[in-house]
Amino acid sequence: MNPVVAPTSQPSAPSASAASGASGASGAPAPVIGLRGAAVRVGGRTLWSGVDLDVRAGEFTAVLGPNGVGKSTLVKVLLGIVPAASGEIRVLDRRPGEAGSRVGYLPQRRSFDPDLRIRGIDVVRLGLDGDRWGVPLPFSRTRRDERERIAEVVELVGASAYAHRPIGQCSGGEQQRLLIAQALVRRPEVLLLDEPLDSLDLPNQSAVAALIGRICHQERVAVVMVAHDVNPILHHLDRVVYIAEGGAVSGTPDEVIDSDTLTRLYGTPVEVLRTRDGRLVVVGQPEAPAVHSDRHAG
Amino acid sequence: MNALLASASASASASASVASAATSGASGMTTSVWAQPFFHHALLAGTFIALAAGLVGYFLVLRAQVFTGDALSHVAFTGAMAALAGGYDLRLGLFVGCVLVALLLAGVGRRGKADDVVIGSAFAWVLGLGSFFLTLYTTSASGLGDGGAGTSVLFGSIFGLDGGQALVAVLVALAVAVAVLLIARPLLFATLDENVAAARGVPVKALGLGFLVLVGVTAGEATQAVGSLLLLGLLAAPAGAAVRLTDRPFHGLALAAGLAVGEMWAGLALSAWIPQCPPSFAVMAAATAVYAATWLRPRRASRSSLVVARG
Ligand SMILES: Nc1ncnc2c1ncn2[C@@H]1O[C@H](COP(=O)(O)OP(=O)(O)OP(=O)(O)O)[C@@H](O)[C@H]1O
Ligand SMILES: [Mg+2]
């Protein structure tokens, strides 16, 4: 029933705590991100609760779910921008928001004003030194190293061809790559990406997904990526958090993206179909966020 | 009280003083203007005022807050008039008015950024208030009120600064310039990339607020040089030109400051040479000419692609 999509296909029961159980092998490194019974409230409404998740160094985790369910909010909780209503949350063994530049962040859907005449490379550079006071001094000792690091990371995301153009003139996909470079430039140990594949065409989606997968697995960066569609990242994934109205399940992609699990999560029949080329299609998932949340509000 | 009024009327007759200085000597009057202490004061104060205006203006343009500068120019007039009507130093009204309203705009707008509707509705009312204070001042019981004070605030009176006033202007402008340079990098981050900057621990809101205070102080400063009606030009024109000339942020910042200072010098020199040409007009003419000239340059897109091709 479960065609192997990810190398990890342990037959463990999918449950809310599957994540912590799944890779509980002895000697496993301490999780870089840990959530225990986390819940969040915005505007007087509980978005999700009872979320358990462990992400270790070099693991690629996707956050999935319908619009408006609180995926971006989960990322903001990990950043410490939105406080958790309950539960325990640790990022790099600290409270959220305290790990500083060890966490890289790419917010959802940003685009620059077409008239903005600042080079892409300068925007990348802000990721490196934007939080430092003063102005960059022309003859400082670290300047050469910084320039090399920026060139390296721009090369890594394949943005060298347009990094010197004003960023407002770059296409959405080009801007996205530059912003990924900005998030990577300080060699973060945790990378939080909110729909980075948004505004990319299909070939670029798989290219950027492969890039992030490579960074994740080779440089041992813990990646948490919010995604709208799981398919472009499916074969890079180690772990999936699926958020639905109120609750969430986490585990390996096989465990979570499964008809039974999602049916239990949503409380309505949901079917996961697999096309012949290995793509997953979720059928019957309640997608309309407004109607859905209205039903549960109050 | 008398001293204050005297200083107000002294600045009111500022532009007249150039003319009189130029015409008093029978011949070689232009050289005499260059040697006059009022010209030296103007040059000194003008240089630093332009420096501060250029630096602040660059971020105003980048943050799309030029309109805020416009609102503050109205406030500058009203603040100065209110101070005169109340019997205080005109500059006190300038600074207090500009900074208070800058804070107000920041408080009303979200995330330390005032939005256009708020500014739009506020500034017309503020200007009306200014004309009320002007009337109050000119028709005040003392009878010493002078309508010229209104003109000097509207159009500037840089040739009317005495040594002490010039020194204060220099010190305040210098403080603004140092403050802008100190916050330049995080402010740039917060301007271009608010969410990431906030996640990185940059105090986005406080920076936006602090920046508006600096804008307020600069507006008060620049009003002394070019007047409240024209101060927007000193804030926006050099910065606008710099933004068009370079796509590197810190080069742009330096260029905006450099252009502003150069335009100030050119304007002061021009009005020293041509007595009929008031300094505010000359400075604005220089600023506008430079800004217009940047539009004559070929499109940068072709230049950037050359750079890419080379690299
Ligand atoms: N500051 C806030 N105050 C009140 N409600 C908020 C706030 N921020 C977010 N919300 C609400 O929380 C819900 C979840 O928002 P969130 O941005 O996390 O959704 P999402 O899962 O990322 O959706 P999408 O797929 O569209 O990006 C939405 O209904 C949103 O309206
Ligand atoms: Mg979102």
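What you are looking at is a predicted structure, and each value in this text was computed from that prediction instead of being measured.

A. Seen up close, the interface of chain A and chain B. Counting residues at the interface gives 32 residues for chain A, matched by 33 residues for chain B. A combined buried area of about 2,800 Å² lies between chain A and chain B, and 61% of that area is made up of carbon and sulfur atoms. The interface formed by chain A and chain B includes 1 salt bridge. Between Asp129(A) and Arg185(B) there is a salt bridge, and its shortest N-O distance comes to 3.0 Å.

B. The arrangement of the confidence of the model for chain B in detail. Residue and element names in this part refer to chain B. Put simply, chain B has an average pLDDT of 81, and 80% of its residues get 70 or more. pLDDT under 50 marks residues 1-30. Its contacts with residues more than four places away, or in other chains, come to 33 contacts. Within the model, the stretch residues 301-311 combines pLDDT values under 50 with 6 contacts to residues more than four positions away or in other chains. Scoring the predicted complex yields pTM 0.83 and, for the interface, ipTM 0.82.

C. Summary view of the pattern of salt bridges. On inspection of all chains with the given rule, the structure shows 16 salt bridges over all chains. With a closest N to O distance of 3.4 Å, Arg132(A) and Glu146(A) form a salt bridge. Here the residue Arg132(A) occupies a position in the loop between helix 3 (120-129) and helix 4 (143-156), and Glu146(A) occupies one in helix 4, the gap between them amounting to 14 residues. Judged by relative accessible area, Arg132(A) falls into the partly exposed class, the value being 37%. Assessed through its relative accessible area of 11%, Glu146(A) is described here as buried. Here Arg165(A) ties to Glu174(A) by a salt bridge, and the two come within 3.3 Å at their closest N and O atoms. Linked by salt bridges that have partners in common, Arg125(A), Asp129(A), Arg132(A), Glu146(A) and Arg185(B) make up one network.

D. The confidence of the model for chain A, seen in detail. Averaged over all residues, the pLDDT of chain A is 82; the fraction at 70 or higher stands at 86%. Below pLDDT 50 for its whole length, residues 1-26 of chain A participates in 44 contacts with residues either more than four positions away or in separate chains.

E. Here's a closer look at the site of ligand 1. Residues and elements named next belong to chain A. Taken together, 13 residues surround ligand 1, and among them Asn67, Lys71, Ser72, Thr73 and Gln108 come closest. Asn67 is positioned such that a nitrogen or oxygen atom in its side chain is 2.8 Å from an oxygen atom of ligand 1. Thr73 has a polar side-chain atom sitting 2.5 Å from an oxygen atom of ligand 1. When isolated, ligand 1 has an accessible area of 640 Å², and the protein chains bury 60% of it. Only strand 2 (45-55) and helix 2 (71-79) provide two or more residues apiece to the shell around ligand 1. Top contributing element to the shell around ligand 1 by residue count: helix 2, with 3 residues. A breakdown of the residues in the shell around ligand 1 according to their chemical character gives 3 nonpolar, 7 polar and 3 charged.

F. Molecular detail of the packing of helix 11 (residues 204-226) of chain B against helix 12 (residues 231-245) of chain B. Residues and elements named next belong to chain B. The contact between helix 11 and helix 12 brings their axes to 8 Å, and the two run at 110°. Regarding the angle of helix 11 to helix 12, the classification is roughly perpendicular. Residue-level inspection shows Thr218, Ala219, Ala222, Thr223 and Val226 of helix 11 in contact with helix 12, the latter providing Leu231, Leu234 and Leu235. Within the contact of helix 11 with helix 12, the residues separate by chemical class into 6 nonpolar, 2 polar and no charged.

G. Region of interest: the nonpolar core. Val223(A), Ile233(A) and Leu234(B) are the most contacted members of the largest nonpolar core, which has 140 residues in total. The leading source of residues in this core is helix 4 (residues 37-62) of chain B, at 14 residues. Setting aside its immediate chain neighbours within four residues, Val223(A) contacts Glu59(A), Phe60(A), Thr61(A), Leu191(A), Leu193(A), Ile212(A) and Cys216(A).

H. Quick peek at the coordination of the magnesium ion (ligand 2). All names here are of chain A. Bound to the magnesium ion (ligand 2) are the protein donor atoms Ser72 (OG) and Gln108 (OE1), situated 1.9 to 2.2 Å from the metal. In this pair, Ser72 is assigned in helix 2 and Gln108 in the loop between strand 5 (103-106) and helix 3, connecting sequence segments 36 residues apart. With relative accessibility at 17%, the residue Ser72 sits in the buried group. A residue is classified by how much of its surface remains accessible, and Gln108, at 26% relative accessible area, is partly exposed.

I. Layout of a nonpolar patch on the surface. All names here are of chain B. Taken together, the side chains of Tyr88, Leu92, Val96, Leu100, Leu103 and Leu209 make up a nonpolar region of the molecular surface, amounting to roughly 550 Å² of accessible area. Of the residues forming the nonpolar patch, the biggest block, 4 residues, is contributed by helix 6 (residues 90-108). By the element assignment, Leu100 lies in helix 6. What makes Leu100 exposed here is its relative accessible area of 52%.

J. Geometry of the sheet that holds strand 1 (residues 33-42) of chain A. Residue and element names in this part refer to chain A. One open sheet holds the 3 strands; their spatial order is 2-1-4, and the pairing between them is antiparallel. Two strands lie at the open edges of the sheet, namely strand 2 and strand 4 (86-91), each paired on one side alone. If you compare each strand with its neighbour and ignore which way they point, the axes differ by 30° on average. Looking at chain direction, strand 1 and strand 2 are connected through 7 bridges and run antiparallel. In the strand pairing of strand 2, Leu35 is matched with Leu53. Where helix 2 meets the sheet, it contacts strand 1, strand 2 and strand 4, and its direction lies at approximately 120° from that of strand 1.

The rules behind the values
- Residues numbered from 1 in each chain as written.
- Chains lettered and ligands numbered in written order.
- Predicted model: local features only at pLDDT ≥ 70, side-chain atom pairs only at ≥ 80, totals over all residues.
- Heavy atoms only, no water.
- Contact = heavy atoms within 4.5 Å.
- Buried area = accessible area lost by both parts, 1.4 Å probe.
- Salt bridge = Lys/Arg side-chain N within 4 Å of Asp/Glu carboxyl O.
- pLDDT = per-residue confidence, 0-100.
- Helix = DSSP H or I, 4+ residues; strand = E, 2+ residues; numbered from the N terminus.
- Buried < 20%, exposed > 50% of the residue type's maximum accessible area, 1.4 Å probe, protein only.
- Near = heavy atom within 4 Å.
- Polar contact = N/O pair within 3.5 Å; in protein donor to acceptor, adjacent residues only side chain to side chain.
- Areas by Shrake-Rupley, 256 points an atom, 1.4 Å probe, with all protein chains shown as cover.
- Nonpolar A, V, L, I, M, F, W, Y, C, P; charged D, E, K, R; others polar.
- Axes fitted to C-alpha atoms, helices over the stretch in contact; angles between N-to-C directions.
- Parallel < 35°, antiparallel > 145°, perpendicular 65-115°, else oblique.
- Core = buried A, V, L, I, M, F, W, Y, C linked by side-chain atoms within 4.5 Å.
- Donors = N, O, S within 2.8 Å, 3.2 Å for Na, K, Ca; no water.
- Patch = residues over 30% accessible without salt bridge, like charges linked within 9 Å, V, L, I, M, F, W, Y side chains within 5 Å.
- Pairing = 2+ DSSP bridges.

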